[in-house]
Amino acid sequence: SALAVNLDLTNLAGFTSARNINANTFEVVDGELGPLFGGLNPNVRALDFPGSSGPIPTTLQFPLTVASDEDQRIETSLDQGITTPYNYSLNFSYGRELGKGLSFEASYVGRFARNLLVARDIMQLNNIRDPQSGMTYYEAINQLVNFRYANREITSVPTIPFFNNIFPFMPEWWGDTSLTPTQAAYAFIAPEALGGGDLIDYTFLQLLWDDSPSCTTCPFGGGPARFNNVFYQPQFGALAAFSTMARSNYNSLQISLRQRLRDDVTFDFNYTYGHSLDSVSGLQNSSSYGTAFVVNSLDPDQNYASSDFDARHIINANWVVGLPVGRGKRFFNGASGFVDQIIGGWQTTGIFRWNSGLPIQTPFDCCVWATNWNVQSNGVRVNPVVSSPTKVGSPNIFSDPEAVYRSFRPARPGEAGDRNVLRAPSYISLDMGLYKAFKMPWEGHELQFRWEVFNVTNTQRFDGLTISDLSLGTDPFLGSSSPNSDFGKFTSTQTPLNETKAGRVMEFALRYT
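Reading the values: rules and limits
Residues numbered from 1 in each chain as written. Predicted model: local features only at pLDDT ≥ 70, side-chain atom pairs only at ≥ 80, totals over all residues. Heavy atoms only, no water. Helix = DSSP H or I, 4+ residues; strand = E, 2+ residues; numbered from the N terminus. Contact = heavy atoms within 4.5 Å. Areas by Shrake-Rupley, 256 points an atom, 1.4 Å probe, with all protein chains shown as cover. Phe/Tyr/Trp six-rings, centres within 6.5 Å; stacked < 30°, edge-to-face > 60°. Buried < 20%, exposed > 50% of the residue type's maximum accessible area, 1.4 Å probe, protein only. pLDDT = per-residue confidence, 0-100. Pairing = 2+ DSSP bridges. Axes fitted to C-alpha atoms, helices over the stretch in contact; angles between N-to-C directions. Left-handed = near helix turned anticlockwise from the far one by under 90°. Nonpolar A, V, L, I, M, F, W, Y, C, P; charged D, E, K, R; others polar. Core = buried A, V, L, I, M, F, W, Y, C linked by side-chain atoms within 4.5 Å. Parallel < 35°, antiparallel > 145°, perpendicular 65-115°, else oblique. Patch = residues over 30% accessible without salt bridge, like charges linked within 9 Å, V, L, I, M, F, W, Y side chains within 5 Å. Salt bridge = Lys/Arg side-chain N within 4 Å of Asp/Glu carboxyl O.

## Observations regarding the overall build of the protein chain
Then step 1. Looking only at helices and strands, the protein chain features eight helices and 16 strands.
Then step 2. Considering only contacts within the protein chain whose residues lie at least 6 apart along the sequence, 72% involve residues at least 24 apart.
Then step 3. Accessible surface, the protein chain: about 27200 Å² in total, of which carbon and sulfur atoms supply 55%.

Now the structure itself:
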């Protein structure tokens with residue numbers, strides 16, 4: 001019902017009419033500039049210029065339709081095949097008493113969800129297949145990317161049937177008819193030093209090829225300059241639709257050791273070794289292009305990886321221990337009433353938590369869109385990379401930021417990039433308390449003293465969610481760009497829930513009962 005209300009209010013497909021200057025409508029290369037506005041209150045209703053969606057119409061027809069004018073609109077919608085998510089929960093436990101109040105338990109706990117609600121681009125750019133060679137666009141273009149990384153000369157590139165069959169006019173497009181269609185296609189992405197266009201914003205490259213010049217011999221027919229939308233759907237550049245097509249899996253071993261009712265000692269010790277994997281980890285009500293978004297809807301399993309909240313190891317413990325001092329205890333058993341009031345009846349409490357680090361954002365493409373028109377892919381490792389936080393100077397998630405930067409490459413066409421391959425520092429906290437109840441001279445009256453300390457060790461762990469910069473430049477592993485000076489730098493420390501700082505905090509209290 002919430003989806004129905006949300007989409008009824010905001011959905012462009014059939015319910016809302018909008019007049020926008022859409023993304024990538026104007027640019028400065030060929031003089032197709034946007035309008036200049038004078039004053040603070042321009043007459044926007046009178047807008048009517050090339051590339052705009054025109055003036056406000058005087059009549060509307062229902063249902064409303066989106067014009068097929070190839071304006072690369074970026075919108076949201078709802079998948080008509082949406083269904084109900086479901087999950088299976090499994091557990092198996094073995095426990096036994098060890099004697100004297102001590103017990104042990106070991107459990108397997110699993111949870112498997114299907115048809116989870118996420119957003120995916122249902123106008124994902126086509127990965128067309130050449131019917132003659134059987135080769136797809138992703139397979140063909142990535143061969144050209146291999147040539148780029150090998151610094152291959154344009155005229156030495158061999159023929160790839162896909163380009164010969166699908167884009168025979170490519171030499172004319174590039175402006176050098178001495179080249180083969182494959183060589184002309186490679187010229188667009190070849191490095192400038194080789195005479196190429198050095199264009200690695202691959203979805204923009206698809207847009208250029210979609211807007212190819214008129215060609216009477218093209219496999220999709222001649223006629224208009226924009227021929228039959230090989231890659232782009234003519235109404236949208238990106239249309240994120242809420243869909244139920246994601247999955248998640250969680251498996252864990254959970255071990256507990258408990259002590260009850262023995263010599264004023266009570267404690268719980270718990271250890272969990274678990275692994276959570278999913279397609280996306282965003283909340284089910286997150287924005288369409290937010291965290292719960294599958295980058296490549298043609299291959300959604302590329303997004304399947306460790307969950308954003310995956311903590312592989314978790315240890316927690318809590319205890320209440322009465323100090324063995326005072327009347328009836330091991331020490332000072334024969335203490336007088338006055339002495340027992342002072343030294344007897346003290347209790348200590350404690351809560352301890354440690355977990356291994358959560359995943360952090362993988363370095364991502366700073367200024368290119370390899371696979372999806374609206375959402376950038378993450379970088380891809382070309383060398384083994386681990387996070388190794390530094391603690392001196394300017395604290396950084398990487399001990400050698402330059403080496404880590406050079407160990408990533410931008411995503412190739414069709415790639416969503418690596419997800420959750422790096423980890424933040426672990427989290428640790430120790431809270432303790434000291435309590436003592438003093439009996440008052442009047443029957444039933446008591447005064448309790450409490451001393452509680454939070455973060456006893458005053459430990460400061462850096463927050464992996466607030467790293468200042470993890471963006472990649474052009475082909476970092478080829479040395480074509482350098483990391484930002486803030487690459488990998490921490491900007492804050494972890495803070496306990498509902499707290500504003502991570503330092504040690506003490507509380508003292510007297511309670512009269």
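## A closer look at the packing of aromatic side chains
Then step 1. A complete count under the given rule lists 20 aromatic pairs for this structure.
Then step 2. The interplanar angle of 85° and the centroid separation of 5.3 Å between the aromatic rings of F162 and F163 together place this pair among those described as edge-to-face.
Then step 3. Judged by its relative accessible area of 0%, F162 falls in the buried class.
Then step 4. Exposure remark for F163: the relative accessible area of 0% places this residue in the buried category.

## Observations regarding the confidence of the model for the protein chain
Then step 1. This prediction gives the protein chain a mean pLDDT of 83; 84% of its residues lie at or above 70.
Then step 2. A low-confidence stretch, residues 35–45 (pLDDT under 50), is modelled with six contacts involving residues beyond four sequence positions or located in other chains.

## Thoughts on the pairing of strand β13 (residues 427–439)
Then step 1. Of the pairings in the sheet, the one linking strand β9 (residues 346–355) to β13 comprises ten bridges and is antiparallel in character. Bridged to F352 within β13 is L430.
Then step 2. If you look at the hairpin formed by β13 and strand β14 (residues 446–454), you'll find six residues sitting between the two strands, and G444 has a positive phi there, around 85°.

## Observations concerning helix α5 (residues 181–189)
Then step 1. Burial analysis of α5 places nine of its nine residues in the buried class, the great majority of the element.
Then step 2. Every buried residue belonging to α5 is among P181, T182, Q183, A184, A185, Y186, A187, F188 and I189, and all of these are buried.
Then step 3. In this structure, the buried residues of α5 make contact with α2 (137–149), α3 (161–166), α4 (170–174) and α6 (202–210).

## Considering the packing of α2 against α6
Then step 1. For the pair α2 and α6, the least separation of the axes is 13 Å and the interaxial angle reads 115°. Crossing of α2 against α6: the hand is right-handed. Together, Y137, I141, V145 and R148 of α2 and Y202, L205, Q206 and W209 of α6 make up the contact between the two elements.
Then step 2. Taken together, the residues of the contact of α2 with α6 break down into six nonpolar, one polar and one charged.

## Quick notes on the nonpolar core
Then step 1. If you look at the biggest cluster of nonpolar residues, it comprises 43 residues, and the most contacted ones within it are L144, F162, F163, F167, Y186 and W209.
Then step 2. Where this core is concerned, the elements lending two or more residues are α2, α3, α5 and α6.
Then step 3. Beyond its immediate sequence surroundings of up to four residues, F163 is in contact with A140, I141, L144, P168, P181, T182, A185 and W209.
Then step 4. The next biggest cluster of nonpolar side chains, apart from the first, holds 14 residues, and it includes I397, V404, F408 and L470.

## Some details on the packing of α2 against α5
Then step 1. Relative to each other, α2 and α5 sit at 60°, their axes nearing to 10 Å. Classified by the angle their axes make, α2 and α5 are oblique. In terms of crossing hand, the pair formed by α2 and α5 is right-handed. Along its contact with α2, which presents L144, V145, F147 and R148, the element α5 presents T182, A185, Y186 and I189.

## Concerning a nonpolar patch on the surface
Then step 1. Together, L90, F92, Y94 and Y108 make up a nonpolar patch on the protein surface, roughly 440 Å² of accessible area in all.
Then step 2. By residue number, the principal contributor to the nonpolar patch is strand β2 (residues 86–99), which donates three residues.
Then step 3. In this fold, Y108 is placed in strand β3 (residues 102–121).

## Comments concerning the pairing of β9
Side-chain direction in a regular strand flips from residue to residue, so the side chains alternate between the two faces of the sheet.
Then step 1. Here nine bridges tie strand β8 (residues 313–322) to β9, and the two strands are oriented antiparallel to one another. Among the inter-strand pairings, V320 is bridged to a residue of β9, identified as T349.

## Digging into the environment of P324
Then step 1. Topologically, P324 is positioned in the loop between β8 and α7 (337–343).
Then step 2. Relative accessible area serves as the criterion here: at 36%, P324 is assigned to the partly exposed category.
Then step 3. Along the chain, P324 and D263 lie 61 residues apart, while their C-alpha atoms are 8.2 Å from each other.
Then step 4. In contact with P324, not counting residues within four places along its chain, are K329, R330 and F331.

## As for the pattern of salt bridges
Then step 1. What the rule picks out here adds up to 14 salt bridges.
Then step 2. Residue D268 is joined to R260 by a salt bridge in which the shortest nitrogen-to-oxygen separation is 3.0 Å.
Then step 3. Taking the relative accessible area as the measure of exposure, R260 reaches 34% and is therefore partly exposed.
Then step 4. D308 is the salt-bridge partner of R419, the closest N and O atoms lying 3.5 Å from each other. One end of the pair, R419, is in the loop between β12 (408–409) and β13; the other, D308, is in the loop between β7 (305–306) and β8, with 111 residues separating them in the sequence.

## What about the environment of L207?
Then step 1. The residue L207 is located in helix α6 in this model.
Then step 2. For L207, a relative accessible area of 8% translates into the label buried.
Then step 3. Residues L207 and F231, spaced 24 residues apart in sequence, show a C-alpha to C-alpha distance of 7.5 Å.
Then step 4. Leave out the neighbours within four places in its chain, and L207 touches Q72, Y232 and W373.

## Regarding unusual backbone geometry
Then step 1. A positive phi angle is found at D198, which is not glycine, with a value near 55°.
Then step 2. By the element assignment, D198 lies in the loop between α5 and α6.
Then step 3. Given a relative accessible area of 29%, D198 falls into the partly exposed group.
Then step 4. In this structure, D475 is a non-glycine residue whose phi angle is positive, near 40°.

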